[in-house]
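# Chain and residue survey
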Amino acid sequence: MTPKHCLKCIYLSQGYQCCSAPKTKPYWLISQQFHWRASDTFTFMAEGEKEKQRKQGGFKTMPFILANEVCDRFATTGFNANMITYLTQQMHMPLVEASNTLTNFGGTASLTPIIGALIADSFAGRFWTIAAGSIFYQLGMISLTLSVVIPSLHPSQCISHETCQKASGWQLFILYASLLFTAIGSGGIRPCVVPFGADQFGLNGTQPTAQKGWNFFNLYFFSMGLAVLLALTVVVYVQDNVGWGWGFGIPTIAMFFSVIAFIVGYPLYVKMKPGGSPLTRLTQVVVAAFKKKNVVPPDDWNVLYQDKELDADISVGGRLHHTNQLEFFDRAAIVTEGDMLPSGYPNPWRLSTVHRVEELKSIIRMLPIWAVGILLITSLSHNYTFAIQQAHIMDRHMSRHFQIPAATLSIFTVLGMLISLAIYDRFFVPLASRFTKRPSGITYFQRMGIGLCIAMLSNVSAALVERRRRNAMNLHGVSISVFWLVPQYAIHGLAETFMSVGHMEFCYDQSPESMRSTATALFWLAASIGNYLGTALVTIVHNYTKNSGDWLQDDLNKAKLDNYYWLVTALQVLNLGYYILCAKYYTMKPLEVLEDDKDMKGSKIVGTKQEVELGSAKNGGNLV
């Protein structure tokens with residue numbers, strides 16, 4: 001079906017010349033991604049607008065954007081890295097209760113980004129969502145710092161092990177309220193920073209190569225790694241050796257300056273217009289399809305309803321084209337009597353465009369592979385709980401008078417990620433590109449698969465080291481060096497380089513452009529469910545084994561923590577098999593891109609960034 005608002009154009013050697021101009025602004029005139037011309041005299045974009053765009057975006061915005069996220073990650077790590085110690089030694093919680101408190105908080109902090117993403121994509125925009133989230137996070141940090149400084153807001157010190165006073169209901173309320181505020185703040189920051197940063201480079205999925213995109217994602221994770229590294233060294237040392245007041249106060253001060261820096265950069269940012277509630281659009285497609293469940297589908301899918309003008313704000317980088325999957329939802333784009341309003345526009349609860357139907361299909365197709373990240377978070381969550389408790393009863397001396405703080409061991413995860421990211425970006429990608437002819441080296445499917453394999457080795461190392469530690473203590477009364485834990489942390493960091501970055505790339509690239517914040521929130525939602533699943537797994541194992549040699553009791557010398565690590569490794573093997581199956585049958589989203597090229601006559605379907613890299617015009621197909 002031909003859209004009712006279009007230009008009749010003829011192709012010239014210099015571009016497009018319009019034979020007739022409609023009263024309503026056409027799709028490609030609304031889009032500011034393309035600059036059409038005829039005989040070098042006709043331009044669709046005002047010079048003032050072009051000059052404004054030249055002054056906005058690019059690398060000059062990165063210090064402001066990444067400063068906010070770096071301080072957020074610095075503060076989050078400064079709080080969480082040693083929080084298990086704070087809860088057990090200062091709030092006097094039992095180990096299992098403290099572990100579950102942290103995983104539940106981590107789950108909530110990773111769940112709120114879904115709400116923040118919907119707010120950003122629907123009406124607020126990414127800038128204001130990040131700003132509001134930063135303020136909420138700041139309030140939570142101030143509250144938690146005050147709860148440490150003011151004596152009445154935390155239990156008194158233990159006189160002896162038997163007379164430790166537990167935290168009162170009021171004290172726990174302040175603790176949980178502070179954590180809740182930081183979780184709400186994360187909901188505004190986490191889903192928006194990546195797509196907001198990508199907006200500054202025009203990474204809308206239509207670039208002829210993906211090189212910028214890969215560099216941006218690597219830069220993002222590398223910056224986060226530096227922030228975590230600083231927190232694990234400076235903040236954890238202050239918490240263990242100076243006091244919890246300054247230990248929480250330093251991240252609070254850093255977050256304050258990050259909010260200021262982010263707001264100061266306002267004039268430099270490219271700020272994409274929200275495309276309306278994506279949740280509403282998806283619901284409209286589902287409702288329209290069910291209303292027409294008895295309608296006979298057409299033999300020719302080209303007759304399905306399309307309207308470039310209607311989709312202009314949500315398809316700036318190109319429209320999604322029809323795919324032969326989930327065909328039930330295609331019924332939403334079948335035109336029937338009563339679908340059109342008196343104004344000439346469709347009733348969105350009865351008729352949707354092909355682009356909107358394919359938005360829903362894209363999200364549904366992503367879910368099986370997205371779910372792979374859930375168990376990865378579950379399997380590695382123990383590095384921030386049980387492994388730290390192991391470190392407390394191991395030999396932590398680096399010299400006669402200095403012991404490495406237990407929580408600082410996470411530094412080796414960060415170092416592993418930073419070093420491997422640098423090697424990956426500077427050496428591996430150029431080398432792999434010689435063989436694959438891809439600027440990105442390998443696909444994000446291959447990157448995730450490698451990460452899943454590496455992650456299993458981390459748990460294998462954890463199980464072997466824990467058995468060695470327990471036997472050395474129980475049989476010989478010897479505390480082995482805490483540096484035996486380094487391999488599992490370092491391997492974890494290497495796995496993050498492949499799996500986490502690849503997972504983020506997948507969510508960003510395969511999502512519809514109007515749902516980029518929502519899709520990025522899916523990355524954090526996987527972390528949320530993974531943390532909750534970690535809580536459930538710990539609880540189930542604890543309850544199931546407590547009458548037959550408790551695997552997870554407070555005294556780790558009597559526990560069987562290595563059995564828990566082997567259980568998690570077995571789950572990871574199943575997760576890898578599931579991922580390989582999903583990746584093999586995954587279909588890439590097909591995307592129409594209008595290129596400003598004098599040798600290109602019209603629009604063409606280019607598929608995805610990875611297909612563009614190979615010069616392919618395949619409509620779908622897996623790239624594993």
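Residues numbered from 1 in each chain as written. Predicted model: local features only at pLDDT ≥ 70, side-chain atom pairs only at ≥ 80, totals over all residues. Heavy atoms only, no water.

This brings us to the overall build of the chain. Regarding its fold elements, the chain presents 19 helices and six strands. Intrachain contacts of the chain at a sequence separation of at least 6 include 80% that bridge at least 24 residues. Summing over all exposed atoms, the chain offers an accessible surface of approximately 26400 Å²; the carbon and sulfur share of this is 64%. (Helix = DSSP H or I, 4+ residues; strand = E, 2+ residues; numbered from the N terminus. Contact = heavy atoms within 4.5 Å. Areas by Shrake-Rupley, 256 points an atom, 1.4 Å probe, with all protein chains shown as cover.)

The next point concerns the nonpolar core. In terms of nonpolar packing, the biggest core is built from 140 residues, with Met83, Leu87, Tyr220, Ile369, Phe445, Phe506 and Tyr564 touching the most fellow members. Broken down by element, this core gets its largest block of residues, twelve residues, from helix H8 (residues 211–241). (Core = buried A, V, L, I, M, F, W, Y, C linked by side-chain atoms within 4.5 Å. Buried < 20%, exposed > 50% of the residue type's maximum accessible area, 1.4 Å probe, protein only.)

This part takes up empty space enclosed by the protein. Following the criterion strictly, the structure yields six cavities of 30 Å³ or more and no others. The computed volume of the largest cavity comes to approximately 1100 Å³. Put simply, the parts of the chain that give the lining of the largest cavity at least two residues each are helix H3 (62–80), helix H5 (95–124), helix H7 (169–199), H8, helix H12 (372–380), helix H14 (411–436), helix H16 (486–510) and helix H17 (516–545). No other element matches the six residues that H5 contributes to the lining of the largest cavity. Looking at the lining of the largest cavity residue by residue, the class counts come to 22 nonpolar, 18 polar and three charged. (1 Å grid on protein atoms, 1.4 Å probe; cavity = no way out; pocket = protein on both sides within 12 Å on 5 of 7 lines; lining within 4 Å. Points joined across faces, edges and corners; volume = space filled by probe spheres on them. Nonpolar A, V, L, I, M, F, W, Y, C, P; charged D, E, K, R; others polar.)

Evaluated as defined, the whole model comprises eleven salt bridges. Taking the shortest distance from any N to any O, the salt bridge between lysine 361 and glutamate 358 comes out at 3.1 Å. Pair noted here: lysine 361 and glutamate 358 are both in helix H11 (residues 354–370), with a separation of three residues, about one helical turn. Comparing lysine 361 with glutamate 358 shows no difference in burial state: the two are buried. Where arginine 426 meets aspartate 425, a salt bridge forms, and the shortest distance between an N and an O atom there is 2.5 Å. (Salt bridge = Lys/Arg side-chain N within 4 Å of Asp/Glu carboxyl O.)

When the UniProt feature table is mapped onto this chain numbering, "transmembrane region" (unreviewed entry) sits at residues 135–153, 173–198, 219–238, 244–269, 404–424, 444–465, 521–544 and 564–581. Helix makes up 100% of residues 173–198 and strand 0%, and the two end C-alpha atoms of the span are 39 Å apart. Here residues 444–465 runs as 100% helix and 0% strand, with 32 Å between its end C-alpha atoms. (UniProt positions renumbered as here; feature names shortened; annotations may be inferred.)

To continue, consider the environment of leucine 179. You can see leucine 179 is positioned in helix H7. The buried category is assigned to leucine 179, whose relative accessible area is 7%. Spatially, the C-alpha atom of leucine 179 lies 7.6 Å from that of leucine 144, the residues being 35 residues apart in sequence. In this structure, leucine 179 is in contact with Met83 and Phe105, ignoring residues within four places of it in sequence.

Where H14 contacts H16, the two axes come as close as 7 Å, and the packing angle between them is 45°. Relative to H16, H14 is oriented oblique. Once H14 is placed against H16, the crossing between them reads as right-handed. Across the interface between the two elements, Phe412, Thr413, Gly416, Met417, Ser420, Leu421 and Tyr424 from H14 touch Val486, Tyr489, Ala490, His492, Gly493, Leu494, Glu496, Thr497, Phe498 and Val501 from H16. Here the contact of H14 with H16 is composed, by residue class, of ten nonpolar, six polar and one charged. (Axes fitted to C-alpha atoms, helices over the stretch in contact; angles between N-to-C directions. Parallel < 35°, antiparallel > 145°, perpendicular 65-115°, else oblique. Left-handed = near helix turned anticlockwise from the far one by under 90°.)

What follows concerns the packing of aromatic side chains. This model, assessed by the stated rule, comprises 26 aromatic pairs. Their ring planes at 25° and their centres at 5.8 Å tell us that tryptophan 170 and phenylalanine 173 sit as a pair that is stacked. Residue tryptophan 170 and its partner phenylalanine 173 are located together in helix H7, separated by three residues, close to a single helical turn. Aromatic pair tyrosine 444 and phenylalanine 506: ring centres 5.9 Å apart, planes at 70°, arrangement edge-to-face. You can see tyrosine 444 sitting in helix H15 (residues 444–476) and its partner phenylalanine 506 sitting in helix H16, a full 62 residues away along the chain. We note that tyrosine 444, like phenylalanine 506, is buried. One aromatic cluster is present, built from ring pairs that chain together Phe127, Trp128, Phe196, Phe262, Tyr266 and Tyr269. Of note, lysine 584 hangs over the ring of tyrosine 585, and the distance from its end group to the ring centre comes to 5.9 Å. (Phe/Tyr/Trp six-rings, centres within 6.5 Å; stacked < 30°, edge-to-face > 60°. Lys NZ or Arg CZ within 6 Å of the ring centre and 35° of its normal.)

Time to look at unusual backbone geometry. A positive phi angle, close to 50°, is found at leucine 326, a residue other than glycine. Relative to the assigned elements, leucine 326 resides in the loop between helix H10 (278–291) and H11. The class of leucine 326 is partly exposed, set by a relative accessible area of 33%. Even without glycine at this site, lysine 437 takes up a positive phi of about 65°. Locating lysine 437 in the fold gives a position in the loop between H14 and H15.

What follows is about the packing of helix H6 (residues 126–149) against H7. Here H6 crosses H7 at 150°, and the two axes come no closer than 7 Å. Between H6 and H7, the angle is such that the two are roughly antiparallel. Read as a crossing pair, H6 and H7 show a hand that is left-handed. Counted by class, the contact of H6 with H7 contains 16 nonpolar, eleven polar and two charged residues.

What follows concerns a nonpolar patch on the surface. Judged by side-chain polarity, Ile135, Phe136, Leu139, Ile142, Leu146, Val149, Ile150, Leu180, Phe181 and Ile184 come together as a nonpolar surface patch covering roughly 820 Å² of accessible area. Looking at the nonpolar patch, the elements that each hand over two or more residues are H6 and H7. Considering each element in turn, the nonpolar patch owes the most residues, six residues, to H6. Tracing the backbone through its elements, the reader meets leucine 139 in helix H6. (Patch = residues over 30% accessible without salt bridge, like charges linked within 9 Å, V, L, I, M, F, W, Y side chains within 5 Å.)

This next bit is on the confidence of the model for the chain. Looking at the chain, pLDDT values average 76 and 82% of them are 70 or higher. In this model, residues 595–624 is a region of pLDDT below 50 whose contacts with residues beyond four sequence positions or in other chains number 85 contacts. (pLDDT = per-residue confidence, 0-100.)

Turning our attention to the side chain of serine 258. Within the secondary structure layout, serine 258 lies in helix H9 (residues 244–264). Given the relative accessible area of 1%, serine 258 is considered buried. Each residue touching serine 258, except ones within four places of it in the same chain, is listed here: Ala67, Asn68 and Cys71.

Now for H9. Taking 1.5 Å per residue, 21 residues should reach 30 Å; H9 reaches 31 Å between its end C-alpha atoms and fits that length. Inspection of H9 places Trp244, Gly247, Phe248, Gly249, Pro251, Thr252, Ala254, Met255, Ser258, Val259 and Phe262 among the buried residues, and these make up the whole buried set. (Expected span 1.5 Å × (residues − 1).)

Time to look at the environment of leucine 268. The topology assignment puts leucine 268 in the loop between H9 and H10. Distance from leucine 268 to glycine 58, taken between C-alpha atoms, is 8.9 Å for residues 210 residues apart in sequence.

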